[in-house]
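Summary of structural features
Here's the letter readout for the chains.
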Amino acid sequence: MAIKKLTRPKLTLSEKLIFPTILKGMAVTMTHAIKSVLGKTKAAESLKGSGTGATMQYPETKWDDQLPEYYRGVPALVTDEIGRERCVSCQLCEFICPPKAISILPGEIPSDDEWAKVEKRPQEFDIDMTRCIYCGMCEEVCPEQAIFLRQDYAVTGTSRENMVHNKERLYEIGGVREGLVNKWNEVK
Amino acid sequence: MSDTETAKLPKDLAADKGMVNVQIDGTWIQVPRGTRMIEACKIAGVEVPHYCYHPKLSSPGNCRMCLVQMGMPPRLAPGQDPEYNDDGYQEIGWMPRPVIACANTVAENMGISTKSEIVTKCREGVMEFMLINHPLDCPICDQAGECRLQEFSVEHGKSESRFKEDKVKKPKNVQIGPRIRLDDERCIMCSRCIRFMDEVADEPVLGFTERGTHTTVAVYPGRELDNNYGLNTVDLCPVGALTSNDFRFQMRTWFLKETKTIDVNCATGANITVWTRGNKIFRITPRENNDVNSNWMPDSHRLNFHHINDGARLTEPMVKVDGQHEATSWQLALEGAADALKQFDAKEIAVIASARQTNEELFLVRALAAELETEALSIVERIGESDGKLISADRNPNTTGAKLVWQNAKPASQLESIREGVRKGSIKAVIALGEDLTEEAGFSAEDLEKLELLISSNILANPTAQASDIVLPGAAFSEKRGSMVNITGRLQRLNNACVPPGDARDDWMLLRDFVLAISGEANSIPTLESLFNALAENIEEFQGQTLSKIGDLGVQITETGETIPLLEYEKARKERGEIVG
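Looking at an unreviewed UniProt entry, one finds chain B named Molybdopterin-dependent oxidoreductase, with Persicirhabdus sediminis as its source organism. The annotation that UniProt attaches to chain B under Subcellular location (unreviewed entry) is "Membrane". Per its UniProt entry, chain B bears the Sequence similarities (unreviewed entry) comment "Belongs to the complex I 75 kDa subunit family."

If you look chain A up in an unreviewed UniProt entry, it shows as NADH-quinone oxidoreductase subunit I from Persicirhabdus sediminis. In its Sequence similarities (unreviewed entry) section, the UniProt record describing chain A reads: "Belongs to the complex I 23 kDa subunit family."

**So, the overall build of chain A**
Check the secondary structure of chain A and you find six helices and five strands. Its helices and strands taken in sequence order, chain A reads α-α-α-β-α-β-β-α-β-β-α from the N to the C terminus. Among the 188 residues that make up chain A, the fraction classed as buried is 22%. In chain A, once contacts between residues fewer than 6 apart in sequence are set aside, the share between residues at least 24 apart is 62%.

**Some words on the UniProt feature "binding site: [4Fe-4S] cluster 2" (unreviewed entry) in chain A**
Residues and elements named next belong to chain A. Under the feature "binding site: [4Fe-4S] cluster 2" (unreviewed entry), the UniProt entry names Cys97, Cys132, Cys135 and Cys138. These annotated residues cover 42 residues of sequence, but their C-alpha atoms sit close together, with the largest distance between any two at 10.6 Å. Here Cys132 lies in the loop between strand 3 (120-128) and helix 5 (137-141). With 20 C-beta atoms counted inside 10 Å, the residue Cys132 sits in the buried group. When sequence neighbours within four positions are dropped, the list of residues in contact with Cys132 reads Pro75, Pro99, Ala101 and Ile127. We classify Cys138 as buried; it has 23 C-beta atoms within 10 Å. Residue contacts for Cys138: discarding those within four places in its chain leaves Pro75, Cys93, Ile96, Cys97, Ile102 and Ile147.

**Some words on the interface of chain B and chain A**
Taken together, the eight residues of chain B in the interface contact 13 residues of chain A. Each residue belonging to the side of chain B that touches chain A can be placed in one class, and the counts come to five nonpolar, one polar and two charged.

**Details of the UniProt feature "binding site: [4Fe-4S] cluster 1" (unreviewed entry) in chain A**
Residue and element names in this part refer to chain A. Feature annotation in UniProt places "binding site: [4Fe-4S] cluster 1" (unreviewed entry) on Cys87, Cys90, Cys93 and Cys142, given in this structure's numbering. A maximum C-alpha distance of 10.6 Å is found for the annotated residues, which run over 56 residues; spatially they form one tight group. Mapped onto the fold, Cys87 is located in the loop between strand 1 (75-77) and helix 4 (92-96). By C-beta crowding, Cys87 is classed as buried, having 28 other C-beta atoms within 10 Å.

**Re the UniProt feature "domain: 4Fe-4S Mo/W bis-MGD-type" (unreviewed entry) in chain B**
Under the feature "domain: 4Fe-4S Mo/W bis-MGD-type" (unreviewed entry), the UniProt entry names residues 256-312 of chain B. Secondary structure across residues 256-312 of chain B divides into 16% helix and 35% strand, with the first and last C-alpha atoms of the span separated by 24 Å.

**Some remarks on the environment of Phe249 of chain B**
Summarising the element assignment, Phe249 of chain B is placed in the loop between strand 10 (242-244) and strand 11 (257-262). Apart from the residues lying within four places of it in its own chain, the contact partners of Phe249 of chain B are Pro106, Gly107, Glu108 and Lys120 of chain A together with Asp142 of chain B.

**Details of the domain arrangement of chain A**
Segmenting chain A into domains produces domain 1 (13-62) and domain 2 (67-174). Computed from C-alpha atoms alone, the centre-to-centre distance between domain 1 of chain A and domain 2 of chain A is 44 Å.

**Section: the confidence of the model for chain B**
Averaged over every residue, the pLDDT of chain B is 94; residues scoring 70 or more account for 99%. Listed scores for the predicted complex are pTM 0.90 and ipTM 0.86.

**A closer look at helix 2 (residues 19-37) of chain A**
Taking 1.5 Å per residue as the helical rise, helix 2 of chain A with its 19 residues ought to reach 27 Å, and the 27 Å between its terminal C-alpha atoms agrees with that figure. The positive-phi residue at the C-terminal boundary of helix 2 of chain A is Gly39 of chain A, with phi of around 70 degrees.

**Structural notes on the sheet that holds strand 2 (residues 102-108) of chain A**
Residue and element names in this part refer to chain A. If you walk across this open sheet you meet the three strands as 2-3-5, and the pairing is antiparallel. Either end of the sheet is taken by a strand with one partner, and the two such strands are strand 2 and strand 5 (164-165). In the packing of helix 6 (residues 167-174) onto the sheet, the strands contacted are strand 3 and strand 5, and the crossing angle to strand 3 comes to about 85 degrees.

Reading the values: the criteria
Residues numbered from 1 in each chain as written. Chains lettered and ligands numbered in written order. Predicted model: local features only at pLDDT ≥ 70, side-chain atom pairs only at ≥ 80, totals over all residues. UniProt positions renumbered as here; feature names shortened; annotations may be inferred. Helix = DSSP H or I, 4+ residues; strand = E, 2+ residues; numbered from the N terminus. Buried ≥ 20, exposed ≤ 12 C-beta atoms within 10 Å, placed from the backbone. Contact = placed C-beta atoms within 7 Å. Nonpolar A, V, L, I, M, F, W, Y, C, P; charged D, E, K, R; others polar. Domains from an automatic or database assignment. pLDDT = per-residue confidence, 0-100. Expected span 1.5 Å × (residues − 1). Pairing = 2+ DSSP bridges. Axes fitted to C-alpha atoms, helices over the stretch in contact; angles between N-to-C directions.

Below is the structure:
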């Protein structure tokens, strides 16, 4: 490797005297201080800052309504527009999940059920949010469009068990999705 | 001219050995005369996709997936001499239309092409027809992951369907027997299941009804597919049309680990694959071994594993204190057992072992009996009825092994006298290994109460364990390593698919430590391999064998004169040319 010799920068007289440079720095700080007191910082508008600088005062102020469509928050299960749970427990997400956060216990739909023709659905569907890395592989691999990364991102819990989203919780977060999968419809 | 006379042509060289020369994808190989084209390709290492063809069944040639291009030397004009190229082969004249590789045999100087354009197009076309009415069931289909339709549609199919019309509706989720579910929409009419039930199971209850695209596999009206070999149709089914009720929606196949081992439900010792995830067995399937079980196994044996997962397993050694079992450590339990045994005279002790134990375990049992200086040593006989196929009349998997290892032609002969001894009170201490004495051994609960000391090892909390003073938890067959000798005298190997639950131990370790606790010697058997080597040195039939030499398919170590009826039947069919075998 070639050796590159660096020379010390030549300082000007004011820099050598130190004090003028300190004053210069203080002037910059003061400008920002005054601006933020007046609520005129750059990020106040664009980033929904609190006005006191670019810092957002989380959790009093949040990004939520600014999140883009493609934001990848917590993974959740969805039902379709007629209330059918879309997941058929094919376990592809469990297979693909890099941190092994998903565990599924598949089960058969009883023959007297409205959706008996689908034959299969998860008995249990757990996503361990202490493991989840929000990579979105589960959403990508799902052949039934049943799992999506939603916009929620603040997952908190007081215990490890608390951080495991069960099937009920996943459907609660997921809500309803319309369209996309028609293969289990009445006509088909 | 003398050169050409001495140098024989390839066809003559092959003919001397009963072989023929075949060119497969440009490479000339020799295969036995009468080989099917599909098998010749297999020998050459070329895979020909197929659905209906199975070496153990007749070849109807109805799936059309194995189409290949064939070529023969042009027919000679009268008086014309054949022309040979530099390598001594005639030029191949390729036929413009494909032939099925599964039902045609090879001929001298034949050419087979599996990669030509015509073959590629044919496969693509056949796949498209197969998929026309196939439902998009893969996410819920148990076959997914081991489905030939999935595999070949990736390899040979088109990625998109051109079929815009409505698919034909057929019965789905039909219970055609106590253990089998049929989905007719998934069926591709390969007829393997029909042929199996007809030719192997000898109970032809399946057949096709309707015609054309409406062709449907169905059970004969009023009948059920309840044959004890029925679940083999599930293995045979290349798609998900036939699925097992027992395995239905339990686990996707790609999560399962396969372990090659052997069945322990009868003396045939069918070769099996145990499919596990974590420490749980999900299913058992037969594994091909043409000297033991061909490709099949009976349902009754296949499904006999649930007690290993969910039964009342013993998980820690226990000692009875004031009529209550208390968990203890291995060391305390074994030392306690050794001390308790020392209070008895050698004549007052009996050892009842099991022919469900491996050779290694039986070898240690013999050492145990020798250490205790007792003559009362027996296994428990289990005699049922042979079904004339694969189930042997002897329901113990290792009776032959017991005979060899104990050098005793009747290893069960002493059971009667032990039972008498216990009833008379002359035998006061019994060590029961791997047997529930209240079952086949014929002891009653009162008999067991009479005993002053009962030491037992088992996997389940059964009446014998209940009555025992010292309980030693052992391992199920799927958790064991070791070897067994089947009814024909074939040495086969057990491999462990899971680990024993809790503190339970592989039985050979348990026995080794038991023997050591009694003798007070230091451990000189660190591994199962060293135990097997000790066994091989001591027993003539085992000489020269090692655990690794046994391999997945086993080795014949003795001739018992017994045969397996189904194998004889298949041999006869092979000789008649009905199956490839």
